[in-house]
Amino acid sequence: MSPLTRINHSRIYIFGLMVMAVGLPSSNLLMSIAQIIIATNWVIEGQYANKIKRFLGNKPAIIFSTIFGLHLLGLLYTQDWNYAAWDLRNKVPLLALPFLIGSSPNLSKDKIEKIFTVFVISVVTFSVVCAGELTYINNAIRSLLDLPEKIIMDVRSISHFVSHIRFSLMICLAISWMMYQVFKATMVRKKQVVFMIMSAWLIVFLIIMESVTGLAILFILEFATLSYAVVKQKSRVARYASLVLLIAIPSFVLVYVGNMVVDFYRVNKESVSELPKFTSLGSLYYHDVENEQLENGNYVWRYVCHLEIEPGWEKRSTIPFRGKDKAGQFVEYTLFRYMTSRGLHKDAEGLAQLSEKEISAVENGIANVRFTEVSSLTARIYGIIWQMDDYINRAGDPGGHSLSQRWEFWKTGINVLKSNALFGVGTGDVYNEMLSQYEKEGSLLVPAYRKHPHNQYLSVAIGFGIFGLILFLWGLIYPVYMNREQLNYVSMLFFAITLLSMMTEDTLETQAGVSFVAFFYALLFLSPSEE
């Protein structure tokens, strides 16, 4: 084979990796195309004996590939072959990328940095495009192309290329890599400034997108980084600066969230005996003094007059008072919560104070005046506090609420695991067993919200039992341990992002998630650099 041919195949291989780096934050189709490019180039290049020998000598790659093998073993006792086939097809990157990258020539640090640079530029670019959904720009472009206008009801939906949670993981990795570059002594000053600006933008974007998962992971990563700096930094100034930040940042977060919790439970007290019996129009009020559900410090189920508010609502909305809003919640419940958050009585006089815009907000399922802002991290945190209070203190319906839903998912998943502890239920039966358990327990979740465990470790344990979970953890962690001498800041933080994300998400159950993990895992741990 001529040198020119080798060079061309090498370039095609790098090109395929770069296409993958662009596709991760932007397109499932592009991710698939990238893997096809890499695989096709692998086949056409030949040299199969050398490649197979290289892969078999790459013990970390073989060990990581056992995760896919675990899913193959689960076929031996699965019942739902259709779901199993879909799941295996979704998990192909766990085998394909480690094999293709692990059997290919090692990459230089320079090439890996170029791939990361393409990835970071792609993440930043698509974050700007997503942020454009909150301005008139994107809809103006749609209008020029004769496409329908898009209305944003939930700010997290601006991430319409991939799931907002998967996108937030990619943003965390992009920020980590850029910060690593900024503090390298060899980095050109202009690039340092550019990377710092881009990192700052991505942090702002996480706040705009109200990505609690992304911000929480970023907070943990930076806390760990500062802790390391306090111990290892040789410069006294840098060490003390790190220590100050290590104390100041968590303190600020705790005080900020703590004040919100205190504010949530700060009640506008009223004497029960002094509650008025009649509205201004003379209708009878209903006061449920036993129900202490709150909205902005006001009791939801006091000052309620169905006789006035039901016909008043019917005159102002096409959605029936006894019907459901566009978010699938009962209009009555959404309306009462919204009016309470405004400090209004649930009667004709209170309803008259709602603007048409607010009526529309209630129709769209917005239950608190705080949530009328398209993007508000404060409102997002308030919503989480409300979810916890409603679920714990009133056994409220967790449907549609991200945190309380997860508790219901985890509780149901653990009960499924208890019945199948050793070997699990098989590759294709996790979801079916979850649905069966929801029915058995009489879960408050409606069918639309009865989902997977949203915890990758629990999902693996349900599918393959405790033994399968041990094998999964071995396949995930041991290759990193084997490469411990070559770990750097970026690889360690990527691994931390992966492990943390699996605690609250089924990271490997979507194409974007499994491709993100498999691609960067193979790049950082299964293809050691030439240097």
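The structure this text deals with has already been given above.
No experiment lies behind these values; they were computed from the predicted model shown.

Rules of the game
Residues numbered from 1 in each chain as written. Predicted model: local features only at pLDDT ≥ 70, side-chain atom pairs only at ≥ 80, totals over all residues. Heavy atoms only, no water. Helix = DSSP H or I, 4+ residues; strand = E, 2+ residues; numbered from the N terminus. Rg over C-alpha atoms; globule rule 2.2 N^0.38 Å. Buried < 20%, exposed > 50% of the residue type's maximum accessible area, 1.4 Å probe, protein only. Contact = heavy atoms within 4.5 Å. Core = buried A, V, L, I, M, F, W, Y, C linked by side-chain atoms within 4.5 Å. Phe/Tyr/Trp six-rings, centres within 6.5 Å; stacked < 30°, edge-to-face > 60°. Patch = residues over 30% accessible without salt bridge, like charges linked within 9 Å, V, L, I, M, F, W, Y side chains within 5 Å. Areas by Shrake-Rupley, 256 points an atom, 1.4 Å probe, with all protein chains shown as cover. Salt bridge = Lys/Arg side-chain N within 4 Å of Asp/Glu carboxyl O. Axes fitted to C-alpha atoms, helices over the stretch in contact; angles between N-to-C directions. Parallel < 35°, antiparallel > 145°, perpendicular 65-115°, else oblique. Nonpolar A, V, L, I, M, F, W, Y, C, P; charged D, E, K, R; others polar. Expected span 1.5 Å × (residues − 1).

Asks: Please explain the overall build of the protein chain as it appears in this structure.
Replies: Along its length, the protein chain carries 22 helices and two strands. The C-alpha radius of gyration computed for the protein chain amounts to 27 Å, which stays within 12% of the reference 24 Å derived for 531 residues, consistent with globular compactness. Principal axes of the C-alpha set define a box for the protein chain whose edges measure 95 × 60 × 55 Å. When each of the 531 residues of the protein chain is scored for burial, the buried share is 49%. Within the protein chain, counting contacts between residues at least 6 apart in sequence, those at least 24 apart form 70% of the total.

Asks: Help me understand the nonpolar core, please; the structure alone is not making it clear to me.
Replies: One recurring pattern in soluble globular proteins: nonpolar side chains tend to sit buried together. In this structure, Leu17, Phe119, Phe472, Phe516, Phe519 and Phe520 are the most contacted members of the largest nonpolar core, which totals 100 residues. If near-sequence neighbours (up to four positions away) are discounted, phenylalanine 472 is found in contact with Ile67, Leu70, Gln456, Tyr457, Val460, Met502 and Leu508. Of all hydrophobic cores here, the second largest spans 19 residues; its members include Val300, Trp313, Met339 and Leu351.

Asks: Looking at this structure, how should I read the packing of aromatic side chains?
Replies: Both the distance between ring centres and the angle between the ring planes are used here to describe each pair of aromatic rings. Applying the stated criterion across every chain, the model contains 32 aromatic pairs. Aromatic pair phenylalanine 116 and tryptophan 177: ring centres 5.8 Å apart, planes at 10°, arrangement stacked. Remark: tryptophan 177 occurs in helix α9 (residues 164-182) and phenylalanine 116 occurs in helix α7 (residues 109-131); sequence separation between them is 61 residues. Its relative accessible area of 4% is what places tryptophan 177 among the buried residues. For the ring pair phenylalanine 264 and tyrosine 265, a centre distance of 4.9 Å and an interplane angle of 80° mean the geometry is edge-to-face. Taken together, the ring pairs in this structure connect Phe64, Phe116, Phe119, Trp177, Phe195, Phe494, Phe495, Phe516, Phe519, Phe520, Tyr521 and Phe525 into an aromatic cluster.

Asks: Before we go on, may I ask you to explain the side chain of serine 211 in this structure?
Replies: Inspection of the secondary structure puts serine 211 in the loop between α10 (189-208) and α11 (212-232). Owing to a relative accessible area of 3%, serine 211 belongs among the buried residues under this scheme. In this structure serine 211 touches Ser168 and Leu206, once residues within four positions along its chain are discounted.

Asks: How should I be thinking about unusual backbone geometry in this particular structure?
Replies: The general pattern is negative phi for most residues beyond glycine and trans for most peptide bonds. At glutamine 47, a residue that is not glycine, the phi angle is positive and equals roughly 55°. Along the chain, the position of glutamine 47 falls in the loop between α2 (28-45) and α3 (48-56). Positioned with a positive phi, asparagine 296 is a non-glycine residue whose angle comes to about 55°. For asparagine 296, the location among the structural elements is in the loop between β1 (294-295) and β2 (298-299). Look at asparagine 296 and you get partly exposed, because its relative accessible area is 22%.

Asks: Teacher, can you tell me more about a nonpolar patch on the surface here?
Replies: On the surface, Phe219, Ile220, Phe223, Leu245, Ile249, Phe252, Val253, Tyr256, Val257, Val261 and Tyr265 cluster together into a nonpolar patch covering about 900 Å² of accessible area. Mapped onto the fold, isoleucine 220 is located in helix α11. Its relative accessible area of 41% is what places isoleucine 220 among the partly exposed residues.

Asks: What is the right way to read the side chain of glutamine 293 from this model?
Replies: Turning to its location among the elements, glutamine 293 is positioned in the loop between α12 (236-264) and β1. Its relative accessible area of 4% is what places glutamine 293 among the buried residues.

Asks: Whenever I open this one, the packing of helix α18 (residues 402-419) against helix α20 (residues 456-482) confuses me. Can you help?
Replies: The angle between the axes and the distance between the axes are what describe a pair of packed helices. Contact pair α18 / α20: the axes reach a minimum separation of 9 Å and the direction vectors enclose 10°. The angle between α18 and α20 falls in the class roughly parallel. Residues Trp410, Gly413, Ile414, Val416 and Leu417 of α18 pack against Leu458, Ala461, Ile462 and Ile466 of α20. Split into classes, the residues belonging to the contact of α18 with α20 amount to eight nonpolar, one polar and no charged.

Asks: Whenever I open this one, α7 confuses me. Can you help?
Replies: Note that an α-helix has 3.6 residues per turn; residues three or four places apart therefore point the same way. Given a rise of 1.5 Å per residue, 23 residues ought to cover 33 Å, and the 33 Å separating the end C-alpha atoms of α7 matches this to within 8%. Taken as a whole, α7 has its buried residues at Ile112, Ile115, Phe116, Phe119, Val120, Ser122, Val123, Val124, Phe126, Ser127, Cys130 and Ala131.

Asks: Help me understand the pattern of salt bridges, please; the structure alone is not making it clear to me.
Replies: Pairs can form between side chains of opposite charge once their charged atoms are near each other. As enumerated under the stated definition, the model contains 16 salt bridges in all. A salt bridge links arginine 370 to aspartate 263, with the shortest nitrogen-to-oxygen separation between them at 3.3 Å. Here aspartate 263 lies in helix α12 and arginine 370 lies in the loop between α16 (356-363) and α17 (377-394), a separation of 107 residues in the sequence. A relative accessible area of 23% places arginine 370 in the partly exposed class. Note on aspartate 263: relative accessible area 33%, which makes it partly exposed. The salt bridge partner of glutamate 408 is lysine 411, with a shortest N-O separation of 3.6 Å. With glutamate 408 and lysine 411 both in helix α18 and three residues apart, this pair spans about one turn of that helix. By relative accessible area, glutamate 408 is classed as buried at 5%. On the accessibility criterion, lysine 411 (40% relative accessible area) is partly exposed. One salt-bridge network, held together by shared partners, links Asp87, Lys91 and Glu509.

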